[in-house]
Amino acid sequence: MIDLSPKENYLRLLRGEMPEYLPIYTMIGPGYNGETATAMCAPNLFGCTHHSPQGGKDMWGVNYVANEESGFAALPEPNHFMLKDITEWEKVIRNPQMPDVDWEQMAKKDLETAMIDRSKTAVMLPCELSPFQQLMAFMGFNEGLCAMFEEPDAVKDLLDYLTDFVVGLTEKAIEYYQPDIFYILDDSATKLNPFVSVEMYRDLLKPYYIRLSKPANDRGIPIQFHNCGRCEDYLEDMIDFGVKITDPSQGTNDLKGIKDKYKDKLALAGCWEWIVPETWPEVSEEAVRQSVRDIIDTYAPGGGFAFGGGAVGRFGDQTIENVNHWVQEEAYYYGKKCYR
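Overview of the structure. Computed from a prediction, not measured in an experiment: that's the story for all the values here.

With that settled, consider the environment of K7. Structurally, K7 is set in helix α1 (residues 6-14). In this structure the C-alpha to C-alpha distance between K7 and W60, which are 53 residues apart in sequence, comes to 34 Å. Look past the residues within four positions of K7 in its chain and what remains in contact with it is A37, R118, S119, K120, T121, A122 and D180. At 2.8 Å, the side chain of K7 and the backbone oxygen of R118 are in polar contact.

Before going further, it helps to examine the pattern of salt bridges. Using the criterion set out here, one finds 25 salt bridges in the structure. Taken together, the shared-partner salt bridges connect E285, E286, R289, R293, E329 and E330 into one network.

With that settled, the discussion passes to the side chain of K206. Note that K206 resides in helix α7 (residues 206-218). On the basis of relative accessible area, K206 is assigned to the buried category, the value being 13%. A polar side-chain atom of K206 sits 2.8 Å from a polar atom in the side chain of D237.

On to helix α3 (residues 131-139), then. Burial analysis of α3 places eight of its nine residues in the buried class, the great majority of the element. Considered for burial, the residues of α3 that qualify are P131, F132, Q134, L135, M136, A137, F138 and M139. Contacts from the buried residues of α3 go to β3 (63-65), β4 (75-76), α4 (141-150), α5 (152-177) and α7.

Within strand β8 (residues 243-247), four of the five residues are buried, leaving the element largely enclosed by the surrounding structure. As paired strands, strand β7 (residues 223-226) and β8 are joined by four bridges and run parallel to one another. Across the sheet, Q224 pairs through a bridge with I245, a residue of β8. One crossover worth recording links β7 to the parallel β8 by way of helix α8 (residues 235-240), and it is right-handed. Where β8 lies against strand β9 (residues 267-271), two bridges are found, and the strand directions are parallel. The residue bridging I245 from the neighbouring strand is A267, located in β9. Since β8 and β9 lie parallel, the crossover through helix α9 (residues 255-262) that links them has a hand, and here it is right-handed.

This part takes up the packing of aromatic side chains. A full pass over the atoms with the stated rule returns 20 aromatic pairs. A centroid spacing of 4.9 Å and a plane angle of 90° characterise the contact between Y332 and Y333, whose relative ring orientation is edge-to-face. Grouping aromatic residues by their ring pairs yields a cluster made of Y201, Y209, F225, Y234 and F241. Cation over ring: K336 sits above Y21, and NZ or CZ is 3.8 Å from the ring centre.

Looking now at the sheet that holds strand β2 (residues 56-57). The strand order β2-β3-β4 describes an open sheet built from three strands, whose pairing is antiparallel. Each of the sheet's edge strands pairs with one partner strand only, and the pair in question is β2 and β4. Pairing geometry for β2 and β3, over two bridges, is antiparallel. Bridging from a neighbouring strand, K57 pairs with N63 of β3.

So, on to the nonpolar core. Core analysis: the biggest nonpolar cluster contains 87 residues, and I86, F138, M148, L158, F307 and V323 have the highest contact counts within it. Of the residues forming this core, the biggest block, twelve residues, is contributed by α5. Here V323 is in contact with W272, W274, V283, V288 and A311, once residues within four sequence places are set aside. By size, the runner-up hydrophobic cluster in this structure holds 14 residues, among which are Y10, M124, I245 and A306.

So, how was this worked out
Residues numbered from 1 in each chain as written. Predicted model: local features only at pLDDT ≥ 70, side-chain atom pairs only at ≥ 80, totals over all residues. Heavy atoms only, no water. Helix = DSSP H or I, 4+ residues; strand = E, 2+ residues; numbered from the N terminus. Contact = heavy atoms within 4.5 Å. Polar contact = N/O pair within 3.5 Å; in protein donor to acceptor, adjacent residues only side chain to side chain. Salt bridge = Lys/Arg side-chain N within 4 Å of Asp/Glu carboxyl O. Buried < 20%, exposed > 50% of the residue type's maximum accessible area, 1.4 Å probe, protein only. Pairing = 2+ DSSP bridges. Right-handed = clockwise from strand over helix to strand, strands pointing away. Phe/Tyr/Trp six-rings, centres within 6.5 Å; stacked < 30°, edge-to-face > 60°. Lys NZ or Arg CZ within 6 Å of the ring centre and 35° of its normal. Core = buried A, V, L, I, M, F, W, Y, C linked by side-chain atoms within 4.5 Å.

As structure tokens, then:
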């Protein structure tokens, strides 16, 4: 008999406790069979549309574009970067003007619109600033990385300015949305290596993660951190500023070593990756399901693991939809019995 809700079962991971059955993390959309352990909910005070399928601007004016081939995942518009010279950021970047809103009514409406059953689903409040990604969105990777190397003081001045604004926003959002988890997303690694050294990370990024995390840490709200690629070099520092679980925990990291080393200090969410078979678009359902079972058998023992993963590709591709159905279904049913 399973008694714990998906929410409470997932929150056990963030407390370093053993779950009753396998928690499943879905970054986007509902979980299988209507069970969703976590759901994002945050204020949109500035009418931002940059995460929509149509694309649009973020709160600082960066324009994002999306297309069918990327599954409508938006990214900063290529070759149209708004900041050319980091030393002149004050001439270009402005924090938005805070609107006069009723926070209590806004939070109530947003939570109702999201249709989150808080008895079953943990509310995740996303951080409104990704320091590394935002710098790259302003400048592009070539200029952004050069700025971090050549003009670190100017980078710090810009990130100080952005962080001052976002911390105030986070304080308000936490007060009225009462999240169960604070979610930070910042992709600072490639598939094979981090974009920057640990020394540069500690100098130019970690201080801002500490500040952005403080409103959650002060209230005992656990932190989940999203970082694609091989980001294991940063894990010690992430634990320092309160991270309890990291996703998508891709296989380019030493996931077994991480799990053994950190045990109940840091949980892994994800670990399954879509590897396009040579037979595409013909895909073996049994092979997909077996890959899910293999990941669960590898990382579930001892706890500290939430399954997460899916295939991404062209919007409306039936094969992609089939794969995601098999993955979610297998994780759901196989995960229910893995600790029994």
